[in-house]
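# Results of the structural survey
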Amino acid sequence: MRAQPKASHFIDGAYVEDTGGAVMDVVYAATGEVIARVHEATPALIDRALASAARAQRDWARLMPVERGRILQRAAAIIRARNRELSELETLDTGKPLQETLVADATSGADALEYFGGMAATVTGETIPLGRDLVYTIREPLGVCVGIGAWNYPTQIACWKAAPALAFGNAMVFKPSEVTPLCALKVAEILHEAGLPAGLFNVVQGRGAVGGALVSDARVAKVSLTGSVPTGRKVYAAAADGVRHVTMELGGKSPLIIFEDADLEDAIGGAMLGNFYSAGQVCSNGTRVFVQRGIKERFLKRLKARTEAITLGEPMDEATQMGPLVSAAQMEKVLSLIDTGKAEGARLVTGGLRLNGPGFYIQPTVFADVTDTMTIAREEIFGPVMAVLEFDSEDEVIARANDTEFGLSAGVFTRDLTRAHRVIGQLQAGTCWINAYNLSPVEAPFGGSKMSGVGRENSRAAVEHYTQIKSVYL
Ligand code: NAD
């Protein structure tokens, strides 16, 4: 098997196997071939991972922050040096094209390790004068953090959670998605190669039940989940039972609003990026594309032509622009929502079909004449399916854009920047773009409002989510 890891788990600084856990096949989405086989963590292994994290965290928290940061920055350098190998693994794990993974996955993970490595030594408290007395504050780590990942960005998600957690003195037990278990093991390996002491970053494999066991363990101080809203509700509730800190990065159905005065080609590029990158499996995608009536037909004509020019193919071929969906199950879910779109009266502009062959490919798909109540305008599809809706006025489109339970992202394309700021100011979303889409540098806070999440990843905001304040009256 061409991507078999040394063992299923990484615990206390080493690869660990326990064949007592149920088998999970890792399938290459482009061919359907089984490329690795791992085992779910048994209760004994989960306990070992948490125990080693709790033990290691005590010394780690006492280290000079600059020393912690140095290790993370060393890991970032190793990741960059091994980018091609890691990108190929990411492609095997997810089916995303190498053209994307070479620039968006390991590199983004390295960015986070570098950024938080540099920030580690800058996190300080404050002094609060009280006449003759004084209060000072200390930013302390939370303790043992649990990270749980989705399958769309396995390397990036592991690093986005590990980097701030470790930089600020915490330990982490990370459970990757059962669909993409391979990349987080490499992150663990590299962190330890860079000098991370054993036990601080552990990877345990498993499905939801393993995640559930981690989230409800008394040793855990914080849970950070990237996943769907239904899973988020369960994990949030389980974390609440132990009054644990949470970060919830959940799903979305984000609006992308294109005004008549927008640069049309740029706006089409933004809409394509925000719907077809990673075969549409991006949480922040702008899947409700609101186009102002006057440009709608021109927009659709050019969008159709450009969408039909996308090269689908073998993800390892660097000329391939779009790969398969991550799994057969995800492909079936997306095909069924495409059928629902047709049945509810949306107009299929292009795509809509599964490609012949063994992989889980679906053509990039555009629906027009979509109305706000249609299923494809309300449910997260998580596939290459764009819904184009039309609008007349600014007030109308703001109200319609906000009429959703989600609030992850939003985008506006217009040449009128006054309008752009005014509209963005009224949109209920945590992560927004003006004349761009889906750019998520580590320097910028990332996360959602409403049902799309709690807390923020990346940026200085992450300090709030991986530390707690001790207040000392002197
Ligand atoms: P999912 O919710 O099915 O699973 C996410 C993770 O949670 C998996 O590791 C899974 O094993 C685990 N899990 C499931 N049940 C659990 C339980 N009861 N307790 C603990 N853990 C449990 O999501 P997915 O299908 O892997 O990923 C797609 C979803 O993730 C989409 O909704 C997408 O929008 C969202 N997502 C959000 C972001 C973000 O940053 N906001 C990023 C990527 C993906």
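Figured I'd write up the structure that's included with this text. Just so it is clear, the structure is predicted and the values come from calculations on it, not from any experiment.

How each quantity is defined
- Residues numbered from 1 in each chain as written.
- Predicted model: local features only at pLDDT ≥ 70, side-chain atom pairs only at ≥ 80, totals over all residues.
- Heavy atoms only, no water.
- Helix = DSSP H or I, 4+ residues; strand = E, 2+ residues; numbered from the N terminus.
- Rg over C-alpha atoms; globule rule 2.2 N^0.38 Å.
- Buried < 20%, exposed > 50% of the residue type's maximum accessible area, 1.4 Å probe, protein only.
- Salt bridge = Lys/Arg side-chain N within 4 Å of Asp/Glu carboxyl O.
- Phe/Tyr/Trp six-rings, centres within 6.5 Å; stacked < 30°, edge-to-face > 60°.
- Near = heavy atom within 4 Å.
- Polar contact = N/O pair within 3.5 Å; in protein donor to acceptor, adjacent residues only side chain to side chain.
- Areas by Shrake-Rupley, 256 points an atom, 1.4 Å probe, with all protein chains shown as cover.
- Nonpolar A, V, L, I, M, F, W, Y, C, P; charged D, E, K, R; others polar.
- Axes fitted to C-alpha atoms, helices over the stretch in contact; angles between N-to-C directions.
- Parallel < 35°, antiparallel > 145°, perpendicular 65-115°, else oblique.
- Left-handed = near helix turned anticlockwise from the far one by under 90°.
- Contact = heavy atoms within 4.5 Å.
- Pairing = 2+ DSSP bridges.

What follows concerns the overall build of the protein. Each helix and strand in the protein was counted, giving 16 helices and 20 strands. Over its C-alpha trace the protein gives a radius of gyration of 23 Å, about what one expects of a compact globule, namely 23 Å for 474 residues. The principal-axis extents of the C-alpha atoms in the protein amount to approximately 65 × 65 × 40 Å. Of all 474 residues assigned to the protein, the portion counted as buried reaches 59%.

Opposite charge on two side chains permits pairing when their charged atoms draw close. Tallied over the entire structure, the rule returns 37 salt bridges. Across the pair Arg55 and Asp12 runs a salt bridge whose closest N-O atoms are separated by 3.5 Å. Of this pair, Arg55 sits in helix α1 (residues 43-62) while Asp12 sits in the loop between β1 (9-11) and β2 (14-16), placing them 43 residues apart in sequence. One network of salt bridges, with partners in common, ties together Arg293, Lys296, Glu297, Arg347, Asp369, Glu390 and Asp392.

Tallied over the full model, the rule gives eight aromatic pairs. With a centroid separation of 6.0 Å and 90° between ring planes, the pair formed by Phe116 and Phe168 is classed as edge-to-face. Note that Phe116 is positioned in helix α5 (residues 106-119) and Phe168 in the loop between α6 (154-167) and β8 (171-175), a separation of 52 residues in sequence. Residues Phe116 and Phe168 agree in their burial class; the two are buried. With centroids separated by 5.2 Å and ring planes inclined at 70°, the aromatic side chains of Trp151 and Phe382 adopt a geometry described as edge-to-face.

Now for the site of the ligand. Not every one of the 28 residues close to the ligand is listed here, only the nearest: Gly149, Glu178, Ser228, Thr231 and Glu380. At a separation of 2.7 Å, an oxygen atom of the ligand approaches a polar backbone atom of Gly149. Here an oxygen atom of the ligand and a side-chain polar atom of Ser228 are 2.7 Å apart. Coverage of the ligand by the protein amounts to 86% of the 850 Å² it exposes when considered alone. Broken down by secondary-structure element, the contributors of at least two residues to the shell around the ligand are α8 (208-215), β10 (220-226) and α9 (229-241). Looking at the shell around the ligand residue by residue, the classes come out as 11 nonpolar, 11 polar and six charged.

All right, on to the packing of α6 against helix α7 (residues 183-193) then. Packing of α6 against α7 leaves a shortest axis separation of 8 Å and a crossing angle of 40°. Considered as vectors, α6 and α7 are oriented oblique to each other. α6 and α7 meet at a crossing whose hand is right-handed. Between α6 and α7, the residues in contact are Pro154, Thr155, Ala158, Cys159 and Leu166 and Cys183, Ala184, Val187 and Leu191, respectively. Residue composition of the contact of α6 with α7, by class: eight nonpolar, one polar and no charged.

Moving on: the pairing of strand β5 (residues 127-130). Both β5 and strand β6 (residues 133-141) contribute to a ladder of four bridges, which runs antiparallel. By the bridge assignment, Ile128 is partnered in β6 with Val135.

In this structure, Asn402 sits in helix α14 (residues 394-402). The class for Asn402 is buried, based on a relative accessible area of 15%. Within polar-contact distance, the side chain of Asn402 engages the backbone oxygen of Gln426 at 2.9 Å. Residues in contact with Asn402, not counting those within four places in the same chain, are Gln426, Leu427, Gln428 and Lys450.

As a further point, take the sheet that holds β6. The strands that make up a sheet pair up through hydrogen bonds in the backbone, lying either parallel or antiparallel. Here we have three strands laid out as an open sheet, ordered β5-β6-β20, and antiparallel in their pairing. The open sheet is flanked by β5 and β20 (467-473), the only strands paired with a single partner. If you compare each strand with its neighbour and ignore which way they point, the axes differ by 20° on average.

One open sheet accounts for seven strands, arranged β14-β15-β16-β13-β12-β17-β18; its pairing is mixed. Bordering the open sheet on either side are β14 (347-350) and β18 (431-434), each of which pairs with just one other strand. Ignoring strand direction, the axes of neighbouring strands in this sheet form an average angle of 20°. Across three bridges, the pairing between strand β15 (residues 365-368) and strand β16 (residues 385-391) is parallel. Residue Val366 lies in a different strand from β16, and its bridge partner there is Met386. Along the sheet, α14 contacts β12 (255-258), β13 (288-292) and β16; its crossing angle with β16, the most-contacted strand, is approximately 145°. With respect to the sheet, helix α15 (residues 417-426) is in contact with β12, β17 (409-413) and β18, its orientation differing from that of β18 by roughly 165°.

To continue, consider the packing of helix α2 (residues 65-81) against α6. Orientation of α2 relative to α6, taken along the N-to-C sense of each, is 155°, at an axis distance of 9 Å. Considering the angle they form, α2 stands roughly antiparallel to α6. On the side of α2, the interface is formed by Arg68, Leu72 and Ile79, while α6 contributes Cys159, Ala163, Leu166 and Ala167. Per-class residue counts for the contact of α2 with α6 are six nonpolar, no polar and one charged.

This part is about the environment of Glu193. Tracing the sequence through the fold places Glu193 in helix α7. Along the backbone, Glu193 and Gly13 are 180 residues apart, and their C-alpha atoms lie at a distance of 9.6 Å. Those residues in contact with Glu193, other than ones at most four positions away along the chain, are Ile78 and Arg82.

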